[in-house]
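Each chain, written out:
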Amino acid sequence: IPTMQGGVATIRPYVDEFIAFATRNPELQFLVTKIGCGIAGFRDEEIAPLFDAALDVENIILPLSFVKIIVAARSERIVKDKIRGSLMAGAAGDALGYEVEFISRRAILARYGERGITRFALHHGKALISDDTQMTLFTANGLINSCYLHVEPQNAVTQAYIEWHHTQGGKT
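This report concerns the structure included in the present document. (Residues numbered from 1 in each chain as written. Predicted model: local features only at pLDDT ≥ 70, side-chain atom pairs only at ≥ 80, totals over all residues. Heavy atoms only, no water.)

1. Things to note about the pattern of salt bridges
So, step 1. Within this structure, the stated rule accounts for eight salt bridges.
So, step 2. When the shortest N-O distance is used, the salt bridge between Glu46 and Arg43 registers 3.7 Å.
So, step 3. A salt bridge links Asp52 to Arg74; its shortest N-O distance comes to 3.1 Å. Of this pair, Asp52 sits in the loop between α2 (44–47) and β2 (60–61) while Arg74 sits in helix α3 (residues 64–97), and the two are 22 residues apart along the sequence.
So, step 4. Since its relative accessible area comes to 21%, Asp52 is described here as partly exposed.
So, step 5. A relative accessible area of 21% means that Arg74 is categorised as partly exposed.
So, step 6. One network of salt bridges, in which partners are shared, links Asp52, Asp56, Arg74 and Arg77. (Salt bridge = Lys/Arg side-chain N within 4 Å of Asp/Glu carboxyl O. Helix = DSSP H or I, 4+ residues; strand = E, 2+ residues; numbered from the N terminus. Buried < 20%, exposed > 50% of the residue type's maximum accessible area, 1.4 Å probe, protein only.)

Next up, the structure:
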């Protein structure tokens, strides 16, 4: 796998080709070295992600440092996917219930039938969300900002709430 003629993007197709070859030839075993991490000057953190798919190929043995980086990245992706899923599910539930948020159960059943509301009520083709979802998303944004800006979470969330207030037409 050539590593001296360009950046990580130029190495990726060669790694992909290698992984495909190894997959087609399970009778062979491949011991991967830390390619590109010597005289080519790349760091493990740059090269290891290229071998993500190789982690699942039994006849490819990766350097331990690559394995640790790949596993950590996969774990991070799983956590982020769960967070995104939770936010999306909360927003969908909020949008579904938006039309009936302050209506009694009896009134809901009278209007929508014995199963209650089962479809989004669309307004100009869009389901509306309440301030519940807005505040959830602005809270999440504040928490993300606290990590990236290296500030206390309560300060970043407070700033996010001020920004939310502005979206509602509020002034400071």
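2. Regarding the nonpolar core
So, step 1. If you look at the biggest cluster of nonpolar residues, it comprises 20 residues, and the most contacted ones within it are Ile47, Phe51, Ile60 and Leu62.
So, step 2. Breaking this core down by element, the ones donating at least two residues are α1 (8–24) and α3.
So, step 3. The greatest single-element share of this core, amounting to five residues, is contributed by α1.
So, step 4. Residues in contact with Ile60, not counting those within four places in the same chain, are Phe18, Ile19, Ala22, Phe30, Val32 and Ala54. (Core = buried A, V, L, I, M, F, W, Y, C linked by side-chain atoms within 4.5 Å. Contact = heavy atoms within 4.5 Å.)

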